[in-house]
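Residue-level structural notes
Each chain, written out:
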2 protein chains.
Amino acid sequence: MLNEDTLSISQNCADCPIRHRAVCARCESDELERLEDMKYYRNFEAGQTVIWSGDKMDFVGSVVSGIATLTQTMEDGRTQMVGLLLPSDFVGRPGRDGAAYDVVATTDLVMCCFRKKPFEEMMGRTPHIAQRLLEMTLDELDAAREWMLVLGRKTAREKIASLLSIIARRDASLKLAGSDGPMVFDLPLTREAMADYLGLTLETVSRQMSALKKDGVIQLEGKRHVTVPDFTRLMEEAGDDTDGGMLA
Amino acid sequence: MLNEDTLSISQNCADCPIRHRAVCARCESDELERLEDMKYYRNFEAGQTVIWSGDKMDFVGSVVSGIATLTQTMEDGRTQMVGLLLPSDFVGRPGRDGAAYDVVATTDLVMCCFRKKPFEEMMGRTPHIAQRLLEMTLDELDAAREWMLVLGRKTAREKIASLLSIIARRDASLKLAGSDGPMVFDLPLTREAMADYLGLTLETVSRQMSALKKDGVIQLEGKRHVTVPDFTRLMEEAGDDTDGGMLA
DNA sequence: GATGATCCTTGACCCAGATCAAGCGCGCGA
DNA sequence: TCGCGCGCTTGATCTGGGTCAAGGATCATC
């Protein structure tokens, strides 16, 4: 429960792995220098809670490496994941003090944090930071709305296929593109986390994973290592427009 | 299917009903003048489609009066509402050409539209427009995430209660606040639209409305006119933290 | 005042996914 | 090497909400 895991890895923005995709993507080197003054790194272990819903937040920041989840919980314990934070994703909301959601590290996690006050001030004086954040927020809003369709209208099988295709697509975009060969990746989520993402129980997740495997839509090695022999097939199972993701 | 309903009501920004809440909330009068050059009003009748998903959009804009819905539809016809657009809400995404969702007028609707190109340029040169849009987008993102919890984890009865409490709260905030008396409002949505919002069928919506009525949580006069004698009770039925909305 | 059309309600039945329960397999600490 | 815990699978049963079907209420048009 102690988040004192603050490790000041001396690291500078110039060779940051998320340099070109995070909030700071469009900053010039003099602006990066100013950002470096207000920034610090924090490390979290898999399973650790980064922020509790309702806590006061005195920082905002970016995921540098690892994966975290945004979740909302009702009093009786029902929980729903409302966001999946990947490297370069932004955490926290300028202009608001309390955290609205729990943030939990799913894997080991490194975050680049900015002290909130100075960051807000800088955002006021540096338009393209706000513009970049707007862009990122609009993308997140689109993702959230896509997810509303999944939660509201898709069957359990379609939900699982949707999640797998999202993770597969993201993984492919990291490991530089190309190659129509089978897609291979490791699931970063437990069955329970998948259930929380999809509004299902973990038993249903397990059953549908088994069904997709039996039907040859995916292959499983162990519980987490997934091979997708035919991505188009997976997309069909997800109920998505088959040609959907192919533009852009 | 003809949207030629363009009616140039001569109207100026100074006495616009959403002046202080829309994207232009923080604009000075000289900036408003520039906005007036690129703006025009459009009227739609209840039921008319404002934008088809996938269409090229050459404008962005704000809802001035009336209500519209943002919906997503799968090939087989399943549809999910992903946003409810109320006066002052923003439509369209700067920096993207195609519309991502269908926008449909639920009631008669007046929109204040800006030609997209000039608006984008102005946004580049006027930081507080982007900042205001960021603020609004972050609010929408929060609303979308709240809705993900509703869609993923709530029962039919809780879903209905959640929707009613949202509409009741919004209505109260318009009719200036105060008064612990019963809240009274008209539902702006058909049972089918409510179903699309909540990921239910219209039959289930109807049954749960009847159940809430029978249990005295709401009173119904006709199909649309709702009285909420005890808002706290409604919030409990929604499964929300009873004291949730009371801060701020 | 009949004739639809639209929107809504209610009933009967069914099924996808939840719930309850048992057990497997793998990694880890003693 | 054992045992124990965690993550996962699988089976049996239950149920909330979907599906199908039959009207009712209100309104506009003839």
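Structure first, text after, so check above.
This write-up is about the structure you can find in this document. Bear in mind the structure is a predicted one, so any value in this text is a computation, not a measurement.

The next point concerns the interface of chain A and chain B. A common measure of how large an interface is: the accessible area buried when the components associate. Facing 45 residues of chain A, the contacting portion of chain B comprises 46 residues. Summing the contributions of chain A and of chain B, the shared interface buries around 4100 Å²; its carbon and sulfur component is 56%. For Glu140 of chain B, the salt bridge is made with Arg145 of chain A, and the minimal N-O distance between the two is 2.8 Å. Taken together, chain A and chain B are joined by 24 residue pairs in polar contact (both at pLDDT 80 or more). Breaking the side of chain A that touches chain B down by element, the ones donating at least two residues are β4 (68-73), β5 (79-85), α2 (116-125), α3 (127-153) and α5 (191-198) of chain A. Ranked by residue count, the leading element in the side of chain A that touches chain B is α3 of chain A, at 21 residues. Taken together, the residues that form the side of chain A that touches chain B break down as 19 nonpolar, 10 polar and 16 charged.

Further remarks concern helix α6 (residues 202-214) of chain B. Residue and element names in this part refer to chain B. Between its first and last C-alpha atoms α6 spans 18 Å; for 13 residues at 1.5 Å apiece the expected length is 18 Å, and the two agree. Where α6 is buried, its residues meet α4 (156-174), α5 (191-198) and β10 (219-221). Downstream of α6 by one or two residues, Gly216 has phi in the positive range, about 75°.

Of the two same-sequence chains, chain A is brought onto chain B (RMSD 0.0 Å, axial shift 0.0 Å) by a rotation of 180°. Considering both components of the superposition, the chain copies are consistent with a two-fold axis.

The final tally for this structure, using the stated rule, is 6 aromatic pairs over all chains. Judged by centre distance (4.4 Å) and plane angle (50°), the rings of Trp147 of chain B and Tyr197 of chain B are tilted. Placement of Trp147 of chain B in helix α3 (residues 127-153) and of Tyr197 of chain B in helix α5 is noted, with a sequence separation of 50 residues between them. By relative accessible area, which is 10% here, Tyr197 of chain B ends up buried. Clustering of aromatic rings is evident, with ring pairs tying together Phe90, Phe114 and Phe119 of chain A.

Residues and elements named next belong to chain B. Relative to the helices and strands, Leu86 is located in the loop between β5 (79-85) and β6 (90-91). Of the residues examined, Leu86 reaches a relative accessible area of 18% and is grouped as buried. Taking C-alpha positions, Leu86 is 24 Å from Ala156, a pair spaced 70 residues apart along the chain.

For the rest of this paragraph, the subject is the protein's contact with DNA strand C. Near DNA strand C you find 17 residues, and of these Ala156 and Thr204 of chain A together with Arg191, Ser206 and Ser210 of chain B are the closest. Take the atoms of DNA strand C that sit within 4 Å of the protein: sugar and phosphate atoms are 62% of them. Residue Thr201 of chain A places a side-chain N or O atom 3.1 Å away from a phosphate oxygen belonging to DNA strand C. Elements with a minimum of two residues in the surface near DNA strand C: α6 (202-214) of chain A together with α6 of chain B. It is α6 of chain B that contributes the most residues to the surface near DNA strand C, 5 residues altogether. Of the residues contributing to the surface near DNA strand C, the split by class is 3 nonpolar, 7 polar and 7 charged.

Across a sheet, paired strands are connected by hydrogen bonds in the backbone, their directions being either parallel or antiparallel. All names here are of chain B. Strand order in the open sheet formed by 4 strands is β1-β8-β3-β6, with antiparallel pairing between adjacent strands. Since the sheet does not close on itself, it has two edges, and those belong to β1 (39-44) and β6, each with one partner. Pairing of strand β3 (residues 59-65) with β6, which is carried by 2 bridges, proceeds in the antiparallel orientation. In the strand pairing of β6, Gly61 is matched with Val91.

Calculation notes
Residues numbered from 1 in each chain as written. Chains lettered and ligands numbered in written order. Predicted model: local features only at pLDDT ≥ 70, side-chain atom pairs only at ≥ 80, totals over all residues. Heavy atoms only, no water. Contact = heavy atoms within 4.5 Å. Buried area = accessible area lost by both parts, 1.4 Å probe. Salt bridge = Lys/Arg side-chain N within 4 Å of Asp/Glu carboxyl O. Polar contact = N/O pair within 3.5 Å; in protein donor to acceptor, adjacent residues only side chain to side chain. Helix = DSSP H or I, 4+ residues; strand = E, 2+ residues; numbered from the N terminus. Nonpolar A, V, L, I, M, F, W, Y, C, P; charged D, E, K, R; others polar. Expected span 1.5 Å × (residues − 1). Least-squares fit on C-alpha atoms with pLDDT ≥ 70 in both. Phe/Tyr/Trp six-rings, centres within 6.5 Å; stacked < 30°, edge-to-face > 60°. Buried < 20%, exposed > 50% of the residue type's maximum accessible area, 1.4 Å probe, protein only. Near = heavy atom within 4 Å. Pairing = 2+ DSSP bridges.

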